[in-house]
Amino acid sequence: MSDEPFIRYVGLHKSFDAKPVLRGVDLDVVRGQTVVVLGGSGSGKSVLLRHAIRLHQPDSGEVWVDGQEITGCDEEQLIETRKKVGMLFQAGALFDSMTVFDNVAFALVEHTDWGAERIAARVAEVLGLVELPGVEELMPADLSGGMRKRVALARAIALAPRALLYDEPTTGLDPITSSTINGLIRSLQQRLGVTSIVVTHDIHSAFTVGDRIAFLDEGRILFQGTTEEARCADVPKLRSFLRGGADG
């Protein structure tokens, strides 16, 4: 595993309606690792995540993806960056009027010149990776919450991205389904070698899937380190959060 970061945030600041959300965030996400951005509600986790595919534009600072600084990219350049980085949105963000097959195939149809047979094979392959074989003809309304998350994950990996972004992947799921999603995050890292950022307030999930923890509080990173270092870190707000004393 290289020590070179695949995603790098440098001095990132972002405000909405004059309210600071990110206050000078520096974070390196090394190729092949899973970094969990842990923090309470309103800490800026999802805003930070979305900068990696420039769904938000920073007020100042830099965002690097695979060696390219993306804050100045035009839309055509951003398409290439977004092919490298898949995202699992918090609610799944499936197209409700489209079958599972069409949801998962969407990026393949839009961004490749593949024929129907190759697309169908890839859809079946990625649904197998998320342990949902044979569901291509179902509609999103037919799926449980956990199944929707897995279909959305299959869609996120369809183009074989080199990094995956997970926005609160276990929110709203029961413990057994959450455990399944956590297992998939780890499995995909190991089987595909992807770099991952997981934002969550779920402490169990964080320590299950993460190689490293970054604790974000009021738009600032107060701690970065391994999961073991996080458990014994002398950072009062992090210790309180891990004891369940923070607003989740």
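Bear in mind the structure is a predicted one, so any value in this text is a computation, not a measurement.

(A) Geometry of the overall build of the chain. Summing up its helical and strand segments, the chain has nine helices and ten strands in all. Against the compact-globule benchmark of 18 Å for 248 residues, the chain has a radius of gyration of 18 Å, which places it among compact chains. The principal-axis extent of the C-alpha atoms belonging to the chain is close to 55 × 40 × 40 Å. Here the chain holds 248 residues, and the buried ones make up 50% of them. Intrachain contacts of the chain at a sequence separation of at least 6 include 66% that bridge at least 24 residues. When the accessible surface of the chain is split by element, carbon and sulfur atoms take 49% of a total near 11,300 Å². Distance between charge centroids for the chain: 4 Å, based on 26 positive and 34 negative side chains.

(B) A look at helix α3 (residues 100-111). Within the span of α3, buried status applies to Val-100, Asn-103, Val-104, Ala-105, Ala-107 and Leu-108. Where the residues of α3 are buried, they touch α4 (116-129) and α5 (145-157).

(C) Main features of the sheet that holds strand β4 (residues 60-65). Across the sheet, four strands lie side by side as β2-β1-β4-β5; this open sheet has antiparallel pairing. The open sheet has two edge strands with one neighbour each: β2 (19-30) and β5 (68-69). Here β4 runs beside β5; their pairing, made up of two bridges, is antiparallel. By the bridge assignment for β5, Val-65 is matched with Gln-68.

(D) Expanded view of the nonpolar core. If you look at the biggest cluster of nonpolar residues, it comprises 44 residues, and the most contacted ones within it are Val-104, Leu-127, Leu-153, Tyr-166 and Phe-223. If one sorts the elements of this core by residue count, α5 sits on top with six residues. Residues in contact with Tyr-166, not counting those within four places in the same chain, are Leu-49, Leu-88, Leu-153, Ile-185, Leu-188, Ser-196, Ile-197, Val-198 and Val-199. Core analysis: the next-biggest nonpolar cluster, separate from the first, contains 29 residues, Val-47, Leu-48, Val-63 and Met-87 among them.

(E) Focus on the packing of α5 against helix α6 (residues 175-192). The contact between α5 and α6 brings their axes to 10 Å, and the two run at 15 degrees. Viewed along their axes, α5 and α6 adopt a mutual orientation that is roughly parallel. For the crossing formed where α5 meets α6, the hand is right-handed. Facing Gly-146, Lys-149, Arg-150, Leu-153 and Ile-157 of α5, the residues of α6 in contact are Thr-177, Thr-180, Ile-181, Leu-184 and Leu-188. Of the residues belonging to the contact of α5 with α6, the class tally is five nonpolar, three polar and two charged.

(F) Summary view of the packing of aromatic side chains. Scanning the model with the defined rule gives two aromatic pairs in all. Seen in terms of ring centroids, Phe-95 and Phe-106 are 5.1 Å apart; in terms of plane orientation they differ by 50 degrees. Their pairing is tilted. With Phe-95 in the loop between β6 (85-88) and α3 and Phe-106 in helix α3, the pair connects residues that are eleven residues apart, well separated along the chain. Among the residues examined, Phe-95 registers a relative accessible area of 34% and is labelled partly exposed. Plain terms: the ring middles of Phe-215 and Phe-241 are 5.6 Å apart, the flat faces sit at 55 degrees to each other, and that makes the pair tilted. Linking Phe-215 in strand β9 (residues 212-217) with Phe-241 in helix α9 (residues 236-242), this pair joins segments that are 26 residues apart in sequence. With a relative accessible area of 2%, Phe-215 lands in the buried category.

Thresholds applied
Residues numbered from 1 in each chain as written. Predicted model: local features only at pLDDT ≥ 70, side-chain atom pairs only at ≥ 80, totals over all residues. Heavy atoms only, no water. Helix = DSSP H or I, 4+ residues; strand = E, 2+ residues; numbered from the N terminus. Rg over C-alpha atoms; globule rule 2.2 N^0.38 Å. Buried < 20%, exposed > 50% of the residue type's maximum accessible area, 1.4 Å probe, protein only. Contact = heavy atoms within 4.5 Å. Areas by Shrake-Rupley, 256 points an atom, 1.4 Å probe, with all protein chains shown as cover. Lys, Arg positive; Asp, Glu negative; His and termini not counted. Charge placed at Lys NZ, Arg CZ, Asp CG, Glu CD. Pairing = 2+ DSSP bridges. Core = buried A, V, L, I, M, F, W, Y, C linked by side-chain atoms within 4.5 Å. Axes fitted to C-alpha atoms, helices over the stretch in contact; angles between N-to-C directions. Parallel < 35°, antiparallel > 145°, perpendicular 65-115°, else oblique. Left-handed = near helix turned anticlockwise from the far one by under 90°. Nonpolar A, V, L, I, M, F, W, Y, C, P; charged D, E, K, R; others polar. Phe/Tyr/Trp six-rings, centres within 6.5 Å; stacked < 30°, edge-to-face > 60°.

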